[in-house]
Amino acid sequence: VQLMESGGGLVQPGGSLRLSCAASNIIFRIDNMAWYRQAPGKQRELVAIVSYSGDKNYADSVKGRFAIYRDYDKDTVDLQMTSLKPEDTAVYYCNADNTWGQVSWGQGTQVTVSS
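Residues numbered from 1 in each chain as written. Predicted model: local features only at pLDDT ≥ 70, side-chain atom pairs only at ≥ 80, totals over all residues. Heavy atoms only, no water.

## A short note on the pairing of strand β1 (residues 2-6)
Here β1 shows one buried face, formed by L3 and E5, and one open face, formed by Q2, M4 and S6. Inspection of the sheet shows β1 paired to strand β3 (residues 17-24) by 5 bridges, in the antiparallel sense. Pairing of L3 across the sheet is with A23, part of β3. (Buried < 20%, exposed > 50% of the residue type's maximum accessible area, 1.4 Å probe, protein only. Helix = DSSP H or I, 4+ residues; strand = E, 2+ residues; numbered from the N terminus. Pairing = 2+ DSSP bridges.)

Encoded structure:
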């Protein structure tokens with residue numbers, strides 16, 4: 001599976017951004033699709049995940065502010081981010097795994113929250 005992210009950029013605190021990720025070269029069914037992020041000097045962390053059945057989970061730090069959406073027909077996953085804070089600044093990565101347990105990552109997109 002190949003993953004391509006888009007939608008990152010610079011936004012002021014309190015603003016919103018929507019990240020998109022499109023999957024291609026799919027041979028086996030995709031199970032989970034997720035968004036991770038990695039801030040400078042920190043480990044990569046899970047932000048949000050949606051399973052094949054539609055179950056969603058979020059990191060405590062983004063609950064109520066971020067929402068993950070999956071389009072099963074288009075094999076895309078979006079991350080709607082609202083009420084952004086400076087601590088949300090990071091490189092955001094799209095992630096997917098398939099029924100064979102293979103894991104794929106996108107190249108990452110930078111999100112910077114600053115005034």
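## Notes on the side chain of N95
Position of N95 among the secondary structure elements: in strand β9 (residues 90-98). Apart from residues lying up to four places away in sequence, N95 is in contact with L3, N32, M33, A34, Y36, V103, S104 and W105. (Contact = heavy atoms within 4.5 Å.)

## A word on the state of the cysteines
Simply put, disulfide is the name for a covalent bond between the sulfur atoms of two cysteines. Scanning the model with the defined rule gives 1 disulfide in all. Each sulfur in the disulfide pair C21 and C94 lies 2.0 Å from the other. On the sign convention where negative means left-handed, the S-S torsion of about -85° between C21 and C94 marks this disulfide as left-handed. Placement of C21 in strand β3 and of C94 in strand β9 is noted, with a sequence separation of 73 residues between them. Given the relative accessible area of 1%, C21 is considered buried. (Disulfide = S-S within 2.5 Å.)

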